[in-house]
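Here are the chains, one letter per residue:
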Amino acid sequence: MEVVFVDDDEDVRDANAQALDLQGVSVRACASAYEALDILTDTFPGVLVTDVRMADMDGLTLFRHVRRLDPEIPVILITGHGDIEMAVGAMREGAYDFLSKPYAPERLLAAIRHGTAQRQLVLENRRLRAQASGGGDAAESMLIGSAPAIVRIRELLRHVADADVDVLVHGETGSGKEVVAQVLHRLSRRRDAPFVAINCGALPESVIESELFGHEAGAFTGAQKRRVGRIEHADGGTLFLDEIESMSPAMQVRLLRVLETRQVAPLGTNEQRAVDLRVIAATKADLGDPAMRARFREDLYYRLNVVTVNIPPLRERREDIPVLFAHFAGLAARRFGCPVPPMDSALLRHLTSHDWPGNVRELAHFADRCALGVQQAPAGDPAVPARDAGSLPERVERYEAELIREALAAHGGEIRGTLETLGLPRKTLYDKLRRYGIDRQAYARAGAGAEAPAEDSGA
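So, here is what we can say about the structure in this document. (Residues numbered from 1 in each chain as written. Predicted model: local features only at pLDDT ≥ 70, side-chain atom pairs only at ≥ 80, totals over all residues. Heavy atoms only, no water.)

## What to know about the pattern of salt bridges
As enumerated under the stated definition, the model contains 17 salt bridges in all. A salt bridge links Glu 245 to Lys 284, with the nearest nitrogen and oxygen atoms 3.2 Å apart. Of this pair, Glu 245 sits in the loop between strand E8 (238-242) and helix H11 (249-261) while Lys 284 sits in the loop between strand E11 (278-283) and helix H12 (298-304), and the two are 39 residues apart along the sequence. (Salt bridge = Lys/Arg side-chain N within 4 Å of Asp/Glu carboxyl O. Helix = DSSP H or I, 4+ residues; strand = E, 2+ residues; numbered from the N terminus.)

## A word on the environment of Ile 144
Position of Ile 144 among the secondary structure elements: in the loop between helix H6 (138-142) and helix H7 (148-160). Ile 144 sits in the buried class, given a relative accessible area of 5%. Each C-alpha atom, one on Ile 144 and one on Arg 154, is 9.6 Å from the other, the two residues being ten residues apart in sequence. (Buried < 20%, exposed > 50% of the residue type's maximum accessible area, 1.4 Å probe, protein only.)

## A look at the sheet that holds E11
Sheets are built from strands that pair by backbone hydrogen bonding, the pairs being arranged parallel or antiparallel. Judged by pairing direction, the sheet is parallel, and its five strands sit side by side in the order E7-E8-E11-E6-E12 without closing on themselves. Strands at the two margins of the open sheet, each flanked by one partner only, are strand E7 (195-199) and strand E12 (307-310). Going across the sheet, the axis of each strand differs from the next one's by a mean of 20°, ignoring polarity. Pairing analysis gives five bridges linking E7 to E8, with the strands arranged parallel. Its bridge partner lying in E8, Asn 199 is registered against Asp 242. Lying over the sheet, H7 contacts E11 and E12, oriented at roughly 155° with respect to E12. (Pairing = 2+ DSSP bridges. Axes fitted to C-alpha atoms, helices over the stretch in contact; angles between N-to-C directions. Contact = heavy atoms within 4.5 Å.)

## A few points about the sheet that holds strand E5 (residues 97-100)
Read from one edge to the other, the open sheet built from five strands follows the order E2-E1-E3-E4-E5, with strand pairing classed as parallel. Two strands close off the open sheet at either side, each with one partner strand: strand E2 (26-30) and E5. Taken over all neighbouring pairs, the strand axes of this sheet differ in orientation by 20° on average, direction set aside. For strand E1 (residues 2-6) and strand E3 (residues 47-51), the ladder comprises four bridges, and the chain directions are parallel. Considered in E3, the bridge of Val 6 is made with Thr 50. Strands in contact with helix H1 (residues 10-22) are E1 and E2; relative to E2, the strand with the most contacts, it is inclined by about 175°.

## Focus on the nonpolar core
Judged by nonpolar contacts, the single largest core of 30 residues is most densely connected at Leu 212, Ile 231, Leu 241, Ile 244, Leu 287, Phe 296 and Leu 304. Secondary-structure elements contributing two or more residues to this core are E7, helix H9 (205-213), E8, H11, E11 and H12. Element by element, the count of residues in this core is highest for H11, at five residues. In contact with Leu 304, other than residues within four places in its own chain, are Asp 166, Val 167, Leu 168, Ile 244, Leu 259, Val 279, Ala 281 and Phe 296. In terms of nonpolar packing, the next biggest core, distinct from the first, is built from 23 residues, Cys 30, Ala 36, Val 75 and Ala 95 among them. (Core = buried A, V, L, I, M, F, W, Y, C linked by side-chain atoms within 4.5 Å.)

## Remarks on the packing of aromatic side chains
In total, this model carries four aromatic pairs according to the counting rule given. With a centroid separation of 5.5 Å and 70° between ring planes, the pair formed by Trp 356 and Phe 366 is classed as edge-to-face. One end of the pair, Trp 356, is in the loop between helix H14 (345-353) and helix H15 (359-372); the other, Phe 366, is in helix H15, and ten residues separate them in sequence. With respect to class, Trp 356 is no different from Phe 366; both count as buried. Each member of the aromatic cluster is reached from another via a ring pair, and the members are Phe 325, Trp 356 and Phe 366. In this structure, Arg 254 is placed above the aromatic ring of Phe 213, and the distance from its NZ or CZ to the ring centre is 3.9 Å. The residue whose ring lies beneath Arg 335 is Phe 336, and the NZ or CZ to ring-centre distance is 4.7 Å. (Phe/Tyr/Trp six-rings, centres within 6.5 Å; stacked < 30°, edge-to-face > 60°. Lys NZ or Arg CZ within 6 Å of the ring centre and 35° of its normal.)

## What to know about helix H17 (residues 415-422)
Buried residues of H17: Ile 415, Gly 417, Thr 418, Leu 419 and Leu 422, and no others. Its side-chain oxygen at 2.8 Å from the backbone nitrogen of Arg 416, Glu 414 defines the N-terminal cap of H17. A positive phi of about 70° marks Gly 423, the residue just after H17. (Polar contact = N/O pair within 3.5 Å; in protein donor to acceptor, adjacent residues only side chain to side chain.)

## Details of the side chain of Arg 190
Position of Arg 190 relative to the elements: it lies in the loop between helix H8 (177-187) and E7. Under the relative-accessibility criterion, Arg 190 is labelled buried at 3%. A distance of 3.4 Å separates a polar atom in the side chain of Arg 190 from the backbone oxygen of Gly 236. Not counting residues up to four positions away in its chain, the partners in contact with Arg 190 are Asp 164, His 185, Gly 236, Gly 237, Thr 238, Asp 276, Leu 277 and Arg 278.

## Let's talk about the pairing of E2
Where a strand is regular, its side chains alternate between the two sheet faces. In this structure, E1 lies alongside E2, joined through five bridges in parallel fashion. Bridged to Val 6 within E2 is Cys 30. Crossover connection from E1 via H1 to parallel E2: handedness right-handed. (Right-handed = clockwise from strand over helix to strand, strands pointing away.)

Shown next as structure tokens:
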């Protein structure tokens, strides 16, 4: 998370900057609105937090300058009691949120977290639109994400794209192995030649030899005419072999010969035909594991393992999940002719907490269901009303109740830990529990193994 924090009170500015820094937020502290305007651009990836009452240029004027720069930069206003009406007017103009002094540090952090998620979705959608209109390369448009592992994969693919080396892609089911192969093909000088994909695990043993190597007429019963195999068809381009670990030992021997000689002999002929191709093999198994030797030839493994691309599972790059969901949801909305599903806090929590065992494929199908409106609230996630539903006071109260429930759940109803998390006096917390009808003991029972409190179904 990245924040520009503006306040002309040095003590307030330093205290907030230090508190946010301890929470892992990158803070640019500014003593004036002019200093902030020198930093902000339309590609700024974070959130602007500004006090309203400042000398020279106040926070409301700064907000309006930022609106002209980029109306989709989230702006959080810090207000005194007498400025609330002004802040409500600013939210009607497009301000993201406001906090009334005094505010709990956790409340500011939560607003920044949600604002950052929204800003990332905005920038990702802009990037995708630019790529759709011809900007960017295949690595950026197809391998979406900013996680360090994905950035490294994009750099590796660009580096080896035009090198005539075979590539082994390793990753869990649904992690995007074929996408990596397609990116490599599109980045290479072979991009205008065929990209031929074959799933070695989906073809019966009786037909895979003919599919890969082709055959001449009369080569076997039923072979009435010549057939060009997939390997020969990929001449000049890329051959993608998915689930190569399921290939039989006999086929592995023949494939190794093709890789070594770059020649193919169709069934029914002794003629060797030269082929110019790159082979990309994909596997979900660790072919380097000695336990695989009984199923996969060691010499074939080393022949393929010139360059290896290891794709991380989605659970190891959670920071990319919201932008991937936005991408898939946008595609689904266009495909089905329906609105893009909104990103509320319950959905965001589910996206970033679920383990996604089916990886990117599972996420894409989840986005399809959300776009179609058939996806129910995820099990275990409290149903939270949309952020923009109701009046401003109603929205603020709902969000405050949600934060209190989250803190109670995190501490099993224990009051001291809840107070520390929320930064509230004991009397204030009890007043708010009564106001929102929250039963603290229900969370204590849930923490001890009882069912979750029924009130969590809504605020």
